[in-house]
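Single-letter residue listing:
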Amino acid sequence: QVQLVESGGGLVQPGGSLSLACAASGRIVSIYGMGWYRQAPGKQRELVADCRSGNTCTYADSVKGRFTISRDNAKNMVYLQMNSLKPEDTAVYYCNADLKPVGYVRREYWGQGTQVTVSS
């Protein structure tokens, strides 16, 4: 059974920083990509940043220059460093992984989500 477990998040003032981490556990053959999405109240889930095979990373325009995604392939982890946070960054942040478990087909997996609130 594959699980994505997120940590980090919380409440921060505008201009502050937060870090998120996500670990993929279970019997995994290969991880093709890991990333972060977010969903604000009343809005659709959107891509924040992700890194695919070959370390090709993509960022939403709204977070470029403020957020940094990184992966530790040896530990099956992905991180999101969020700086210069704005109230509009408030959302539930979800870890996402495109992977193939042992004995199963390749598909996407999601974490349970972690709340990030930017408010004074």
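Predicted, not measured: the structure shown is a model, and the values here were computed from it.

Quick notes on the side chain of Asp50
Turning to its location among the elements, Asp50 is positioned in strand S5 (residues 46-52). What makes Asp50 buried here is its relative accessible area of 9%. A polar side-chain atom of Asp50 sits 2.9 Å from a polar atom in the side chain of Arg52.

Observations concerning the environment of Asp61
By the secondary structure assignment, Asp61 is in the loop between strand S6 (56-59) and strand S7 (67-72). When the C-alpha atoms of Asp61 and Leu47 are compared, they prove to be 10.0 Å apart, with 14 residues separating the residues in sequence. A polar contact is formed between the side chain of Asp61 and the side chain of Lys64, at a distance of 3.1 Å.

Structural notes on the pattern of salt bridges
Applying the stated criterion across every chain yields a total of seven salt bridges. Asp98 is the partner of Arg52 in a salt bridge, and the nearest nitrogen-oxygen pair spans 3.7 Å. Of this pair, Arg52 sits in strand S5 while Asp98 sits in strand S9 (residues 91-101), and the two are 46 residues apart along the sequence. Given the relative accessible area of 11%, Asp98 is considered buried.

Definitions and cut-offs
Numbers given for residues are sequential positions, taken from 1 along each chain in its written order. Local features in a predicted model are, by the rule used here, given only for residues with pLDDT of at least 70; side-chain atom pairs are given and counted only at 80 or more, and totals for whole chains, interfaces and linings are based on all residues. Think of the side-chain values as coming from all heavy atoms in the structure, minus any hydrogens and water. Secondary structure elements are defined from DSSP: runs of H or I of at least 4 residues count as helices, runs of E of at least 2 residues count as strands, and each element is numbered from the N terminus. A 1.4 Å probe rolled over the protein chains alone gives each residue an accessible area, and that area as a share of the maximum for its type sets the label: buried under 20%, exposed over 50%, partly exposed in between. Within 3.5 Å is the distance limit for a polar contact, defined as a pair of N or O atoms, with the added protein rule that one can donate a hydrogen and the other accept it, and that residues adjacent in sequence qualify only through two side-chain atoms. The rule for a salt bridge is simple: a side-chain nitrogen of Lys or Arg has to be within 4 Å of a carboxyl oxygen of Asp or Glu.

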